[in-house]
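Results of the structural survey
Each chain, written out:
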Amino acid sequence: MAPETSLPSFDLKRNYQRIRDEIGNAIESVLESQHFILGPEVERFEEEIAMYLGTPHAIGCASGSDALLLALMALDTGPGDEVITTPYSFFATASCITRLGAKPVFVDVDPKTYNISPAEVEKAITEKTRAILPVHLFGQMARVEDLLSIAEKREIPIVEDAAQAIGAARFLDGRPVKAGTVGTIGCFSFFPTKNLGAYGDGGLVTTSSKELASRLSRLRVHGAGEQYMHEEVGINSRLDALQAAVLRVRLRHLETWNTERRRAAGRYRLLFAEMNLENVVSIPEEETGNHHTYHQYVLRCEKRDELQNFLKERGIVTRVYYPRPLHLQTCFMSLGYAPGDFPVSEALSRETLALPMFPEILPEEQERVVAEIARFYKKSD
Ligand SMILES: Cc1ncc(COP(=O)(O)O)c(C=O)c1O
């Protein structure tokens, strides 16, 4: 039995308490308007988030998974095409490719940042490469400058999966550039536990191309530029006004919450150092030039599953992202990959553990987590 003072891996209730009144007012105004799908509230959110990200076009849609699908549809991805991506990510990163009849070409990740390795991407490029799809995993950007230099000389578009990285940035030529604004199209998720979460599903695509923006806007409404006039076959993937209203409130607080996450990550770092655990577990590395927003705080450790159970018995909830890399998923068996193809991703799937991380986590809660981890490794020496 878990002790009464259970520590969750994220705590949306604490967050809601901070903005309860603002949310109530925002929802009420949508209810008064009785305008629920797209419309003025969604347009305002799109303008505000475009401004926040520093991109000319932001188009809301129904989820991060749909954002990826719409992005690849807008780039005319289809049978015979290949899309290079990482096997160490959430399923939607690869399913958007196969749903369009194209082939995911996986390449391994960097063992320190867990992000796609640009050198491996370069080796995997063929005549059939339609796009490169890096993921900014756990809140830290991939090496986009290297990916850009590989992609630009071959005119291959980059679709950024920034589902976990809203507000993350990377310094390029001395200037911070936000995740999702570097490639041809950026994709975001507003799943409730994301750094900017809705109170339901939601997603966003961004682009600096006017042509792609209008194509994406059309694709999300069944391919109709004008109502009931279908220039192509799109999908139904709209952001609704209630979610947009919630997101407008939450966007105003995003920078504060991301700062709080960074502070919590700094505290974990200090605690691991104080407990002399730095050589026992690998804590997340913020690569030079990156502004990490710690969507997850992910350790790499030995005896991962035993540690997770030990913490669970003491009321501390942790999570495994991701227990099976994408190239070894049953539904992708026909792609012909086998265990051993991507050793880093496979090792990470066995060794990583996400600790409780959310803006409101208390210093004493973090102390408790690290103290229990210290106890576990002492005990199991
Ligand atoms: C890396 C990554 N890509 C895509 C998605 C899909 O987003 P959604 O759950 O909003 O469809 C997620 C969400 O979990 C994600 O973490």
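Attention here is on the structure that accompanies the text. Since this is a predicted model, take the numbers as computed values, not measurements.

**What about the pattern of salt bridges?**
For the structure shown, the criterion picks out 27 salt bridges. For Glu 120, the salt bridge identified is with Lys 123, shortest N-O distance 2.9 Å. A residue pair is termed a helical-turn pair when its members lie 3 or 4 positions apart in one helix, as Glu 120 and Lys 123 do in helix α5 (residues 118-124) at 3 residues. A single salt-bridge network, built from bridges that share partners, covers Asp 76, Arg 215, Arg 218, Glu 231 and Glu 232.

**Points about the sheet that holds strand β14 (residues 297-301)**
With antiparallel pairing, 3 strands are arranged side by side in an open sheet as β12-β14-β15. Strands at the two margins of the open sheet, each flanked by one partner only, are β12 (281-282) and β15 (352-355). Direction of pairing for β14 relative to β15: antiparallel, over a ladder of 4 bridges. If you follow Arg 300 over to β15, its bridge partner there is Thr 352.

**Structural notes on the site of the ligand**
Lining the immediate environment of the ligand, one finds 15 residues, of which Gly 64, Ser 65, Asp 161, Ser 189 and Lys 194 sit closest. In the model, an oxygen atom of the ligand is placed 2.7 Å from a nitrogen or oxygen of the Ser 189 side chain. Relative to its unbound accessible area of 380 Å², the ligand is 91% covered by the protein chains. Among the elements of the structure, α3 (64-74) and α4 (92-98) are those that each provide at least two residues to the shell around the ligand. Ranked by residues supplied to the shell around the ligand, first place goes to α3 with 3 residues.

**Here we look at the layout of surface pockets**
Considered as a void within the structure, the largest pocket measures approximately 430 Å³ in volume. Taken together, 24 residues form the lining of the largest pocket, with Phe 90, Gln 164, Ser 189, Phe 191 and Lys 194 sitting closest to its centre. Of all the elements in the fold, those that place two or more residues in the lining of the largest pocket are α3 and α4. Here the lining of the largest pocket takes 3 residues from α3, the largest share from any one element. Looking at side-chain class alone, the lining of the largest pocket contains 9 nonpolar, 11 polar and 4 charged residues. Among the domains, domain 1 (12-248) and domain 2 (253-379) are the pair contributing at least three residues each to the lining of the largest pocket. Forming the walls of the second largest pocket are Val 221, His 222, Ala 224, Gly 225, Glu 226, Gln 227, Tyr 228, His 230 and Arg 238. Tallying contributions element by element places strand β10 (residues 224-226) first for the lining of the second largest pocket, with 3 residues.

**Considerations on helix α1 (residues 12-33)**
The terminal C-alpha atoms of α1, which comprises 22 residues, lie only 27 Å apart, well short of the 32 Å expected from a rise of 1.5 Å per residue. The opening residue of α1 is Asp 11, an N-cap whose side-chain oxygen sits 3.2 Å from the backbone nitrogen of Lys 13.

**Details of the nonpolar core**
Of all hydrophobic cores here, the largest spans 43 residues; its most connected members are Phe 45, Ile 49, Ile 166, Phe 190, Leu 196 and Leu 204. Of all the elements in the fold, those that place two or more residues in this core are α2 (40-53), α5, α6 (144-152) and α8 (241-274). A total of 6 residues in this core trace back to one element, the largest contributor, which is α2. Within the second largest apolar cluster, 29 residues are counted, among which are Leu 277, Leu 307, Leu 311 and Tyr 377.

**A few points about the environment of Val 144**
Mapped onto the secondary structure, Val 144 falls in helix α6. Not counting chain neighbours up to four residues away, the residues in contact with Val 144 comprise His 136, Glu 160, Arg 170, Leu 172 and Val 182.

**Focus on a nonpolar patch on the surface**
Together, Leu 31, Phe 36 and Ile 37 make up an exposed nonpolar region whose accessible area comes to about 240 Å². Counting through the fold element by element, Phe 36 comes out in the loop between α1 and α2. On the basis of relative accessibility, which here comes to 31%, the residue Phe 36 falls in the partly exposed class.

Reading guide: rules and limits
Residues numbered from 1 in each chain as written. Predicted model: local features only at pLDDT ≥ 70, side-chain atom pairs only at ≥ 80, totals over all residues. Heavy atoms only, no water. Salt bridge = Lys/Arg side-chain N within 4 Å of Asp/Glu carboxyl O. Helix = DSSP H or I, 4+ residues; strand = E, 2+ residues; numbered from the N terminus. Pairing = 2+ DSSP bridges. Near = heavy atom within 4 Å. Polar contact = N/O pair within 3.5 Å; in protein donor to acceptor, adjacent residues only side chain to side chain. Areas by Shrake-Rupley, 256 points an atom, 1.4 Å probe, with all protein chains shown as cover. 1 Å grid on protein atoms, 1.4 Å probe; cavity = no way out; pocket = protein on both sides within 12 Å on 5 of 7 lines; lining within 4 Å. Points joined across faces, edges and corners; volume = space filled by probe spheres on them. Nonpolar A, V, L, I, M, F, W, Y, C, P; charged D, E, K, R; others polar. Domains from an automatic or database assignment. Expected span 1.5 Å × (residues − 1). Core = buried A, V, L, I, M, F, W, Y, C linked by side-chain atoms within 4.5 Å. Buried < 20%, exposed > 50% of the residue type's maximum accessible area, 1.4 Å probe, protein only. Contact = heavy atoms within 4.5 Å. Patch = residues over 30% accessible without salt bridge, like charges linked within 9 Å, V, L, I, M, F, W, Y side chains within 5 Å.

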